[in-house]
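Analysis of the macromolecular model
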Amino acid sequence: MLNSDQAEPLYIQLQKAVKTAIHNGTFTQGSRIPTETELSEMYNVSRITVRKAIAELVHEGYLTKRQGKGTFVNIPKIGRKIEHVISFTAACKSNGLSSHSVVTKREIVEADEEIAHQLQLSPGEKVLFIQRKRYADDRPLMLENNFYPYDRFAFLMNEQLEGSVYELLRQKYSIDPNQPGETILQIALADENQAKLLETAIGQALFYMHTMIYDQHGSPVHVGKQYIIGDRYQFSI
């Protein structure tokens, strides 16, 4: 129950209560929440308070109003700052979501001219290509394509890689991927293979993020070519 004696305004208390109901599954993703009148009675507040709280939650992306149908719970978006190095696992955790990964490809390939230049290699040198399907709350969200200098990162061939590679590198190998290089963000449409792996529709709007990551000594760690389901992720600058 909300407390009118607290310094915190009632509409903010109600916002938090609705967010809690979303996170604990009382209000499930895609479902319609109670009407303004019902919420007013449930929490013993005025409809004006309810209306203000709902407007804020719509603005924050937790809810969507559908004309003539009601207000519905959105699938939560993962938020991260584009200029910061943060692992997918850490981004999910900071947004209150669980995460895991499935390796879909792990192979040794020859570096093309672009990859070789970014990894400070010669064209044709070996690179380790690892593709992972990354899940947030058991739903596929990202198709991760990373290219590592093989001579330095060959040990990744024998790691499970179900969690954060960055944490693995830090804790087990004393490699800290903490320096971002140039990051390019574009919009792409899912092709047949991407749609199949991400369990979405062909033509689904995706973020395509091309990034370069270096370690604490300025040495290249990987080139990343990531495809992220657009309506479940947001970047801030």
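Residues numbered from 1 in each chain as written. Predicted model: local features only at pLDDT ≥ 70, side-chain atom pairs only at ≥ 80, totals over all residues. Heavy atoms only, no water.

Looking now at the confidence of the model for the protein chain. Caution applies to low-pLDDT parts of the model: their predicted coordinates are not meant to be read in detail. The predicted model of the protein chain averages 89 in pLDDT, with 92% of residues at 70 or higher. The lowest-confidence element of the protein chain is strand E3 (residues 78–81), averaging 60 in pLDDT; the highest-confidence one is helix H6 (residues 150–153), averaging 98. (pLDDT = per-residue confidence, 0-100. Helix = DSSP H or I, 4+ residues; strand = E, 2+ residues; numbered from the N terminus.)

So, about the side chain of Asn145. Mapped onto the fold, Asn145 is located in strand E6 (residues 139–149). Discounting chain neighbours no more than four positions away, the residues touching Asn145 are Phe129, Ile130, Gln131, Val223, Gly224, Lys225, Gln226 and Tyr227. (Contact = heavy atoms within 4.5 Å.)

Mapped onto the elements, Gly181 comes out in strand E7 (residues 179–189). Residues Gly181 and Gln118 lie 63 residues apart in sequence; the distance between their C-alpha atoms is 9.6 Å.

With eight of ten residues buried, strand E8 (residues 205–214) is to be regarded as a mostly interior element. In this sheet, strand E9 (residues 220–229) lies alongside E8 in antiparallel orientation, the contact comprising nine bridges. Counted as the bridge partner of Met209 is Gln226 from E9. (Buried < 20%, exposed > 50% of the residue type's maximum accessible area, 1.4 Å probe, protein only. Pairing = 2+ DSSP bridges.)

Let's shift gears to unusual backbone geometry. You will see that Gln120, though not glycine, has its phi angle at about 60°, which is positive. By secondary structure assignment, the location of Gln120 is in the loop between helix H5 (113–118) and strand E5 (126–136). The residue Asp137 is not glycine, and still its phi comes out positive at about 50°. We classify Asp137 as partly exposed; its relative accessible area is 29%.

What follows deals with the sheet that holds E9. Taken together, the six strands give an open sheet; going across it, the order is E4-E5-E6-E9-E8-E7, and neighbouring strands pair in antiparallel fashion. Looking along the sheet, the strands with just one partner apiece sit at the ends: strand E4 (99–110) and E7. Adjacent strand axes in the sheet meet at a mean angle of 15° when their direction is disregarded. (Axes fitted to C-alpha atoms, helices over the stretch in contact; angles between N-to-C directions.)

Let's shift gears to the environment of Glu144. Along the chain, the position of Glu144 falls in strand E6. On the accessibility criterion, Glu144 (6% relative accessible area) is buried. Not counting the four nearest positions on each side in its chain, Glu144 is found in contact with Ile130, Gln131, Arg132, Arg134, Lys225 and Gln226. Of note is the side chain of Glu144, whose polar atom sits 2.9 Å from the side chain of Arg134. (Polar contact = N/O pair within 3.5 Å; in protein donor to acceptor, adjacent residues only side chain to side chain.)

Turning to the packing of aromatic side chains, a few remarks are in order. To describe a pair of aromatic rings, one takes the distance between the centres and the angle between the planes. Scanning the model with the defined rule gives five aromatic pairs in all. Looking at Lys52, its charged tip hangs above the ring of Tyr11, at a distance of 4.2 Å from the centre. The ring centre of Phe72 lies 4.1 Å from the NZ or CZ of Arg66, which sits over that ring. (Phe/Tyr/Trp six-rings, centres within 6.5 Å; stacked < 30°, edge-to-face > 60°. Lys NZ or Arg CZ within 6 Å of the ring centre and 35° of its normal.)

When strand E1 (residues 63–66) meets strand E2 (residues 70–73), the two strands line up antiparallel, connected through four bridges. In the sheet register, Thr64 faces E2, and the bridge partner there is Phe72. In this antiparallel pair of consecutive strands, E1 and E2, the connection spans three residues, and Gly68 shows a positive phi of 80°.

Once that is clear, we can look at the pattern of salt bridges. For the structure shown, the criterion picks out eleven salt bridges. Residue Arg132 is joined to Glu144 by a salt bridge in which the shortest nitrogen-to-oxygen separation is 2.8 Å. Of this pair, Arg132 sits in strand E5 while Glu144 sits in strand E6, and the two are twelve residues apart along the sequence. Residue class for Arg132 comes out buried when judged on its relative accessible area of 1%. For the salt bridge of Asp215 with Arg152, the shortest nitrogen-to-oxygen distance reads 2.5 Å. Residue Asp215 is found in the loop between E8 and E9, and its partner Arg152 is found in helix H6; the two are separated by 63 residues along the sequence. Members of the salt-bridge network, linked through shared partners, are Glu36, Arg47 and Arg51. (Salt bridge = Lys/Arg side-chain N within 4 Å of Asp/Glu carboxyl O.)

A word on the packing of helix H2 (residues 36–43) against helix H3 (residues 47–59). Interhelical geometry of H2 versus H3 gives an angle of 110° and a closest axis separation of 9 Å. Here H2 is positioned roughly perpendicular relative to H3, judged by the angle of their axes. As H2 packs across H3, the resulting crossing turns out to be right-handed. Between H2 and H3, the residues in contact are Glu36, Thr37, Leu39 and Ser40 and Arg47, Val50, Arg51 and Ile54, respectively. Here the residues of the contact of H2 with H3 are counted per class, giving three nonpolar, two polar and three charged. (Parallel < 35°, antiparallel > 145°, perpendicular 65-115°, else oblique. Left-handed = near helix turned anticlockwise from the far one by under 90°. Nonpolar A, V, L, I, M, F, W, Y, C, P; charged D, E, K, R; others polar.)

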